[in-house]
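So the chains spell out like this:
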Amino acid sequence: QAFFKPIPDASPPSTSKGNTKISVIGAGNVGMAIAQTILTQDLVDELVLVDAKPDKLRGEMLDLQHAAAFLPRTKISASTDYSITAGSDLCIVTAGARQIAGESRLNLLQRNVALFQKIVPPLVQYSPDTKLLIVSNPVDVLTYVAWKLSGFPSNRVIGSGTNLDSSRFRFLIADHLDVNAQDVQAYIVGEHGDSSVALWSSISVGGVPILSFLKNQQIAYEKETLENIHKEVIEGAYEVIRLKGYTSWAIGYSVASLARSLLRDQQRIHPVSVLAKGFYGIDGDDLFLSLPARLGRGGVMGITNVHLTTEEMRRLQDSANTILQVQSELGI
Ligand code: 6V0
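A few points on the structure. Remember, predicted model here, so these are calculated numbers, not experimental data.

Surveying the vicinity of the ligand reveals 28 residues, the closest of which are Asn29, Val30, Asp51, Thr94 and Val135. A distance of 2.8 Å separates an oxygen atom of the ligand from a polar atom in the backbone of Val30. Separating an oxygen atom of the ligand from a backbone N or O atom of Gly96 is a distance of 3.5 Å. When isolated, the ligand has an accessible area of 860 Å², and the protein chains bury 89% of it. Of all the secondary-structure elements, those providing two or more residues to the shell around the ligand are helix 1 (29-40) and helix 3 (109-126). If you tally residues by element for the shell around the ligand, the top one is helix 3, at three residues.

Next up on the list: helix 7 (residues 223-244). Between its terminal C-alpha atoms helix 7 stretches 32 Å, which fits the 32 Å expected from 22 residues at 1.5 Å a residue. Along helix 7, the residues that are buried comprise Leu226, Ile229, His230, Val233, Ile234, Gly236, Ala237 and Ile241. Where the residues of helix 7 are buried, they touch helix 5 (163-177), strand 9 (188-189), strand 10 (197-198) and helix 6 (210-216).

Along the chain, Asn137 connects to Pro138 via a cis peptide bond; the corresponding omega equals -5°. By secondary structure assignment, the location of Pro138 is in the loop between strand 6 (131-134) and helix 4 (139-150). With a phi close to 60°, Asp178 is a non-glycine residue in the positive phi region. Relative to the helices and strands, Asp178 is located in the loop between helix 5 and strand 8 (184-185). Phi is positive for Asp265, close to 50°, though the residue is something other than glycine. You can see Asp265 is positioned in the loop between helix 8 (249-263) and strand 13 (268-275). For Asp265, a relative accessible area of 31% translates into the label partly exposed.

Reading guide: rules and limits
Residues numbered from 1 in each chain as written. Predicted model: local features only at pLDDT ≥ 70, side-chain atom pairs only at ≥ 80, totals over all residues. Heavy atoms only, no water. Near = heavy atom within 4 Å. Polar contact = N/O pair within 3.5 Å; in protein donor to acceptor, adjacent residues only side chain to side chain. Areas by Shrake-Rupley, 256 points an atom, 1.4 Å probe, with all protein chains shown as cover. Helix = DSSP H or I, 4+ residues; strand = E, 2+ residues; numbered from the N terminus. Expected span 1.5 Å × (residues − 1). Buried < 20%, exposed > 50% of the residue type's maximum accessible area, 1.4 Å probe, protein only. Contact = heavy atoms within 4.5 Å.

Following this line, the structure appears as structure tokens:
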């Protein structure tokens, strides 16, 4: 069995024209955290901001431009008019109604679908070869909506998905074991939200598979402890929103790392929202949810064949059903 399963309808990677351009749609807390993280990482030649509020947009643009003396050289521009996005290599969509305290991600959906009908068509018109990276919530369903509206092959439509949840997961495991989170390989897949699935069976720390290590050492681990760590991941977003009103820094770093893998052809594996049909026993309807995907200049280059336990498979299927349920109410 191949390590990666290819994307069935993949388009070939675009030929690089040397000048890289990212457009960020939505200059709110999340869009600006992404923009500033991208700038500090010397990722692009041109960064474009688009928002519906012209004053706020111009203020954000100027504020970033005024940091030019401390940053790698990047042309920063902004407009409410989508023609400014022309020729983007990557369009990151963060526009949307913000999740308010106590509101489930799924409740945001109808408000955001209407927005996407205004946003996606002009992005496609001005950058027909671009990749779309969706961040607005509920991210899995909105990535599906963006895919439908764009007419793009699925390898060029990606949702930030559980890349952030997995980072929270790695932080909590690392904190528990007192190691560096970068040495923790651990994935959360499925829905970015309450039905996400923690892949305990494939966690390794410094190359050591953690569950089989504990078993071999005859160290009992409490299923409850594992469940609690996963619960903390799920509740993490709600807690940050309750405390500061929104989340921004972690999603900023998470999306900038996706942008790097995509534009610099890193072929790194990230759990992101992809068209899941045909993978891990998910058949039937089209839906997007997070699976470990290899990202490069062509977008999604393949999906990793991780071994899942029967329980993980069942949970992933439940997660898929949760998303499908919401999607069916949309009638798209
Ligand atoms: P925010 O600070 O309210 O920013 C949203 C921005 O979108 C505002 O500046 C609006 O003016 C702008 N906007 C609204 N309509 C349009 C339009 N038609 N065209 C262009 N811009 C428009 O929200 P925040 O930045 O906190 O969150 C943005 C979205 O990201 C929300 O849907 C969040 O739920 C979602 N997040 C997703 C995460 C993930 O992991 N996928 C993580 C955090 C937040």
